[in-house]
Amino acid sequence: MDTVDTQVKRYFRTQFHLAAPLSPGRFEAVLAKRIGSPARRKPILDAWKAYLEAEGGDLEVVRSFYSAVLSHPRERLEALVYAMHLPFVEFYVRVLPQLLPAEGRVLEVGAFTGALVSLLREARPELEWHALEGVAQAVELGQARTGGGVQWHQGWFPDQQGLPSMDAVLLLSCMPEGYLGDLPETLEEAEYLQRFDLLQRLQGLEGLLKPGGLLAYGHGPFLGKNPQAVQHALRQLGFDQVQMVGEGDYTLVTARMPVALLQPGPAQALPTAHAPNPGRPLSLPSVEEIWALLEEGAYAEVLRRLPEGTTGELAYLRGRALLALSRFAEADAALALAHHPEAENLRVLCWAELEDYQRALPRLEELSSRGGRYKLALGKVYLGLGRLSEALRQLYECGLPEADIYLKTTLERIEERVQRLCREGDWSEASRRVEFVEDLSPELLTRGLLRLGLQAALQQGLWGRAARYAQHLYVLGESHGALGLALAGLKVRGPEVLDKVPLADLKGVEPYLTDAVARAEDATALLALGLLRHREGRHTEAVRYLERAVRASRGEAAGLAYHLLALSKRALGLPVLEVLGDHKRAHAHRAYPVTQLFELALEAKEAGEPVLAREFLGRVREAGLQPFSQIEPVLKLVEELEGPWEAFRMLSQSLEGTAEPPLEHLELAYRLSRSFSQSREAETVRGQYLAALYNAGQALGAEGLLLSELARNPEALEVLYDLAEHYERTGAYQKAAQTWRKALEIAYYWEKDLQLSREILRNLLFLNPTDPDLQLYLEELKATSRALATLEGSPDTLAGTTPEGLMREGLPRFHGEYLIVVGGHTQLRSRLTPVLQNQGLELDWFDSDSYAAGREVIRRIQSRLERAHGLMIISSYVGHDLSEPVRLEAENLGVPVYITPGRARGITGFLRAVAEFAPQMFRRALKGG
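Residues numbered from 1 in each chain as written. Predicted model: local features only at pLDDT ≥ 70, side-chain atom pairs only at ≥ 80, totals over all residues. Heavy atoms only, no water.

Novice: Outline the overall build of the protein chain, supporting the account with residue identities and numerical values.
Specialist: Counting its secondary structure elements, the protein chain contains 45 helices and eleven strands. Computed over the C-alpha atoms, the radius of gyration of the protein chain is 48 Å, more than 25% above the 30 Å expected from 2.2 N^0.38 for a compact globule of 929 residues. When its C-alpha atoms are laid out on the principal axes, the protein chain stretches across 145 × 70 × 60 Å. The buried share of the protein chain, taken over its 929 residues, is 52%. In the protein chain, once contacts between residues fewer than 6 apart in sequence are set aside, the share between residues at least 24 apart is 64%. For the protein chain, the distance from the average position of its 103 positive side-chain charges to the average position of its 123 negative side-chain charges is 3 Å. (Helix = DSSP H or I, 4+ residues; strand = E, 2+ residues; numbered from the N terminus. Rg over C-alpha atoms; globule rule 2.2 N^0.38 Å. Buried < 20%, exposed > 50% of the residue type's maximum accessible area, 1.4 Å probe, protein only. Contact = heavy atoms within 4.5 Å. Lys, Arg positive; Asp, Glu negative; His and termini not counted. Charge placed at Lys NZ, Arg CZ, Asp CG, Glu CD.)

Structure below.
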């Protein structure tokens, strides 16, 4: 298939949504589909009929027809004009560019809206292009479509005025307009010259076409053609080098302009036919006479002698004449009056041409065994219905030359469908459709289908089929063929996996890769050759290939090319910044592992490029610390480049996702958090670090940490809480009381928080209920509460409060509910167990000081869960390996679970947690659990 024809079809499909040619006989049917209203359609039909019947150079009817067509832009009637000329436009675009002069001006006469001149200008952009058109609306549209690349002139040939002299004039499909009338398919030479007034009109080239300039004449799709008469007329006028290009309907006559045109001799008068006497009835001719006229091709004479409404066999012959003239609607009406079996068969052909596909399909499927025109018509019907595979089979098997254009259209639509399947990733279906075309005939495979079939076969791993398609392309001179043979030989689906191919295999397909590069600078072949040279240690050549590959590659292939380019440049000792830049581009197309990005960031930092180092480090920060076995170097680099907060944030997020973080990681997180000791994240990390120290038996380490924190910020209540709990845990009650008192003074005198002071005093009372100083503190808090109540007009919450009442304040009354507590320290358990039991709560308390996370302990807890009404886990004093199995078992049994938020804050925090958890235990007990 010719690529030029494909380009023309693609242009018309893009600009005009035009996919197939249109026979003039189908103009009315297609117009009816586009404009449904008969009233709106009538002016166009009247202009169309006047256009077809124009004689003697009536250019007004030509202008009227084109103006009527262009006045309906929404219906795209402009496309119908080009559809009738489409095969001839393909022929002109294929032939003319080679015939045009090397430089100078070229004029197209009758350019309409500029489609042909645009296509020719694309083929020969170095020429100066001009267009002559007599319809003002067409000139306006053509100027908008072609821009400044074509100079437009309004006027009619040969009466144009003010045009510069041209090096070539193109009279293509324009001279018959205004001279049509009722014409047979061909005319004798004398009648041809007289009918189209050719000798006189060609005189208009005088002064327009330079001596020696090129004249190209094409008759187009109109009837009455006679290229030999055109050649004789040109020679008669003195033209040189008169030649005919093409054959059959697609014929172009070229000639060279003389210095001066010769005057033609007197035209021979043609005998005029005498009109029949209207007074006498017209007698019908015999069937034998009409058959003879049909065999001679005198279809117009047949129609003249057989009036409309004739019946019988003469109607059949009239229908055949109309069918030959592509007047399908009239032919169908005439054949319907014949009442002849063969006439009914011909009617099916009319239905197919009139696009009445559903009506024509059953009969054509029956008649297709006759072959020839019936197979052609069936192929057209299948094409119109979108059944492309069946259409291709019928059009190929019909064997008629006129099927070629429909065959091209079908293959183009199959190619478009296969291309869409490839975009959607349906490789098997794409491959099946290409294989169907190949099975029908390998000659039908276009370059586009071969390329798509090769791609689909490679993606499916069908190496033999891929090699076959690649061989076809290779013979056609396509670079895809050489590359396909290489990829099929390597058994790889695409360029992104070339780095996994052994060196020996790459070396074996080197000739194909070199050929692909020589033919079209193929990006994949350049990448493969660059990889080969890199592995061979020929880094200078590798850089040369890879620099060309990265400019044309996309996606992962570009990433691999940049990566190999960076490695080759590093091997050549090029500047580190240049190497790192290529690594950065490689990562943009094909993501590097996080560990490799860290190494590149470290290298960039050592090379004095902190900005580039931060870019590499950005992905590391997003991924976190999980991919690294040693996190200290990573955090050190993040701290240096992004600051301690970013390093602390990364580590704290990593700790949140780790069930049992190592002690050294917690210690590192604590060190980083000291610059942000007041933040919520820092408090969380400090609590985790304390719990880990306790679990590791490093109580002195925990005490030292808290004392150092307190030395840095003596008023930090959170630290005082942790230190007081630590002293309670270790049995240093005097120090615990002193710490709680300091916290009380800060809460009461500094923070002015009465509720917080009340909770801290409650902790002190549990430590020593008989301390008289605590009584004084309580009286002072009560006095403050009274004053606030008087000032604000609110109830006094501490009125009548005693030390004993404050210790048991907020605790609900239980009735034998059973609670299991996991966590906390021994001192907390020993002080609170009697209080809770006095409130009616049954209690089993497994503290972290007395019980390690062993299987026996876990089994003991789990065995008691079935009758428990609740499970409480003190989160800061129990390991994950103990609490998690117990929690899962409780949830499986439906036992309510309460995990204290953060540390329990001594006695007060634990009692508050029990009060919050009590309703869930009551519900469990009421359900009979």
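Novice: Just give me the short version of the state of the cysteines, but keep the residues and values in it.
Specialist: Counted under the stated rule, the structure contains zero disulfides. Lacking any disulfide linkage, cysteine 398 is separated from the closest cysteine sulfur, that of cysteine 350, by 18 Å. Under the relative-accessibility criterion, cysteine 398 is labelled buried at 8%. (Disulfide = S-S within 2.5 Å.)

Novice: Residues and numbers for the pairing of strand β5 (residues 209-218), please.
Specialist: Within a regular beta strand, the side chains point alternately toward one face of the sheet and then the other, so they alternate between its two faces. Judged by how many residues are buried, β5 sits mostly within the fold: seven of ten residues are covered. Alignment of strand β4 (residues 166-172) against β5, held across six bridges, turns out to be parallel. In the strand pairing of β5, valine 169 is matched with leucine 215. Both β5 and strand β7 (residues 250-256) contribute to a ladder of four bridges, which runs antiparallel. Its bridge partner being in β7, leucine 214 is matched across the sheet by arginine 256. (Pairing = 2+ DSSP bridges.)

Novice: Hey, could you go over the sheet that holds strand β1 (residues 105-109) for me, with residue numbers and the actual values?
Specialist: Reading across the sheet, the seven strands line up as β3-β2-β1-β4-β5-β7-β6 and stay open at both edges, with mixed pairing between neighbours. Sheet topology places β3 (150-154) and β6 (240-247) at the edges, where each strand pairs with a single neighbour. When strand polarity is set aside, the average angle formed by the axes of neighbouring strands in this sheet is 20 degrees. With five bridges connecting them, strand β2 (residues 128-133) and β3 associate as parallel partners. Each bridged residue has a counterpart across the sheet, and for alanine 131 the counterpart in β3 is tryptophan 152. Strands β4, β5, β6 and β7 of the sheet are contacted by helix α5 (residues 78-99), whose axis makes an angle of about 35 degrees with β7. Across the sheet, helix α10 (residues 227-236) touches β5, β6 and β7, and the angle it forms with β6 is around 170 degrees. (Axes fitted to C-alpha atoms, helices over the stretch in contact; angles between N-to-C directions.)

Novice: So, empty space enclosed by the protein: which residues are in play, and what are the values?
Specialist: Going through the model one piece at a time under the given rule, you end up with five cavities of 30 Å³ or more. Size it by volume and the largest cavity reaches roughly 420 Å³. Taken together, 26 residues make up the lining of the largest cavity; nearest its centre are Val109, Gly110, Ser173, Cys174 and Glu177. Where the lining of the largest cavity is concerned, the elements lending two or more residues are α4 (59-70), α5, β1 and β2. In terms of residue count, α5 provides more of the lining of the largest cavity than any other element does, five residues in total. Of the volumes computed, that of the second largest cavity is approximately 90 Å³. Around the second largest cavity, the lining residues are Tyr192, Tyr217, His219, Gly220, Lys225, Asn226, Pro227, Val230, Gly248, Asp249, Thr251 and Val253. Looking at the lining of the second largest cavity, the elements with two or more residues in it are α10 and β7. Class assignment for the residues of the lining of the second largest cavity results in five nonpolar, five polar and two charged. (1 Å grid on protein atoms, 1.4 Å probe; cavity = no way out; pocket = protein on both sides within 12 Å on 5 of 7 lines; lining within 4 Å. Points joined across faces, edges and corners; volume = space filled by probe spheres on them. Nonpolar A, V, L, I, M, F, W, Y, C, P; charged D, E, K, R; others polar.)

Novice: Just give me the short version of the nonpolar core, but keep the residues and values in it.
Specialist: Counting residues in hydrophobic clusters, the biggest one holds 133 residues, and the most contacted among them are Leu364, Leu392, Val437, Leu498 and Leu527. By residue number, the principal contributor to this core is helix α19 (residues 404-424), which donates eight residues. With sequence-adjacent residues up to four places away left out, leucine 527 is seen in contact with Pro495, Leu498, Leu546, Ala549, Ala557, Leu560, Ala561 and Leu564. Tyr11, Ala83, Trp152 and Phe222 belong to the second-largest nonpolar core, a separate cluster that totals 63 residues. (Core = buried A, V, L, I, M, F, W, Y, C linked by side-chain atoms within 4.5 Å.)

Novice: Residues and numbers for the pairing of β7, please.
Specialist: Along β7, five of the seven residues are buried, which leaves the element largely enclosed by surrounding structure. Of the strand pairs in this sheet, β6 and β7 are connected by six bridges, and their pairing is antiparallel. Paired with glutamine 243 across the two strands is threonine 254, which belongs to β7. Hairpin remark: β6 followed by β7, antiparallel, with two residues in the connecting loop; positive phi at glycine 248, about 65 degrees.

Novice: Talk me through the environment of leucine 383; I want residue IDs and the actual numbers.
Specialist: Structurally, leucine 383 is set in helix α17 (residues 373-384). The sequence separation of leucine 383 and tyrosine 357 amounts to 26 residues, and the corresponding C-alpha distance is 9.8 Å. Apart from residues lying up to four places away in sequence, leucine 383 is in contact with Leu388, Ala391, Tyr406, Thr409, Thr410 and Arg413.

Novice: Quick rundown of the packing of aromatic side chains? Include the residues and the values.
Specialist: Scanning the model with the defined rule gives 23 aromatic pairs in all. Centroid distance tyrosine 82 to phenylalanine 112: 5.5 Å. Interplanar angle 55 degrees. Geometry classified as tilted. Placement of tyrosine 82 in helix α5 and of phenylalanine 112 in the loop between β1 and α6 (115-123) is noted, with a sequence separation of 30 residues between them. Given the relative accessible area of 6%, tyrosine 82 is considered buried. A connected cluster of aromatic rings, assembled from ring pairs, spans Tyr11, Phe12, Phe16, Phe27, Trp48, Tyr51, Phe65, Tyr66, Tyr82 and Phe112. Across the ring face of tyrosine 469, the terminal group of arginine 468 is positioned such that the distance to the ring centre comes to 5.5 Å. Its guanidinium or amino end placed over the ring of tyrosine 474, arginine 519 lies 4.3 Å from that ring's centre, counting from NZ or CZ. (Phe/Tyr/Trp six-rings, centres within 6.5 Å; stacked < 30°, edge-to-face > 60°. Lys NZ or Arg CZ within 6 Å of the ring centre and 35° of its normal.)

Novice: Give a detailed account of unusual backbone geometry, specifying residues and quantitative values.
Specialist: The omega torsion across phenylalanine 157 and proline 158 is 10 degrees, close enough to zero to call that bond cis. The backbone of glutamine 241 sits at a positive phi, close to 50 degrees, despite the residue not being glycine. You can see glutamine 241 is positioned in strand β6. The class of glutamine 241 is exposed, set by a relative accessible area of 56%. Even without glycine at this site, glutamate 355 takes up a positive phi of about 65 degrees. In this fold, glutamate 355 is placed in the loop between α15 (341-353) and α16 (357-367). Assessed through its relative accessible area of 23%, glutamate 355 is described here as partly exposed.

Novice: I'd like to hear about the packing of α5 against α6, residue by residue, with values.
Specialist: At a minimum axis distance of 10 Å, the contact between α5 and α6 shows a crossing angle of 25 degrees. On the basis of the axis angle, α5 is roughly parallel to α6. Remark: the crossing between α5 and α6 carries right-handed chirality. Contact residues: Tyr82, Val89, Tyr92, Val93, Leu96 and Pro97 in α5; Ala115, Leu116, Leu119, Leu120 and Ala123 in α6. For the contact of α5 with α6, the per-class residue count stands at eleven nonpolar, no polar and no charged. (Parallel < 35°, antiparallel > 145°, perpendicular 65-115°, else oblique. Left-handed = near helix turned anticlockwise from the far one by under 90°.)

Novice: So, the sheet that holds strand β10 (residues 870-873): which residues are in play, and what are the values?
Specialist: One open sheet holds the four strands; their spatial order is β9-β8-β10-β11, and the pairing between them is parallel. What marks the edges here is a single partner per strand, and that holds for β9 (842-846) and β11 (897-899). Within this sheet the neighbouring strands show an average axis-to-axis angle of 15 degrees, counted without direction. Examined bridge by bridge, strand β8 (residues 818-822) and β9 share five bridges and lie parallel to one another. Counted as the bridge partner of valine 821 is tryptophan 845 from β9. Sitting on the sheet, helix α43 (residues 855-865) touches β8, β9 and β10, and the angle it makes with β8 is about 155 degrees.

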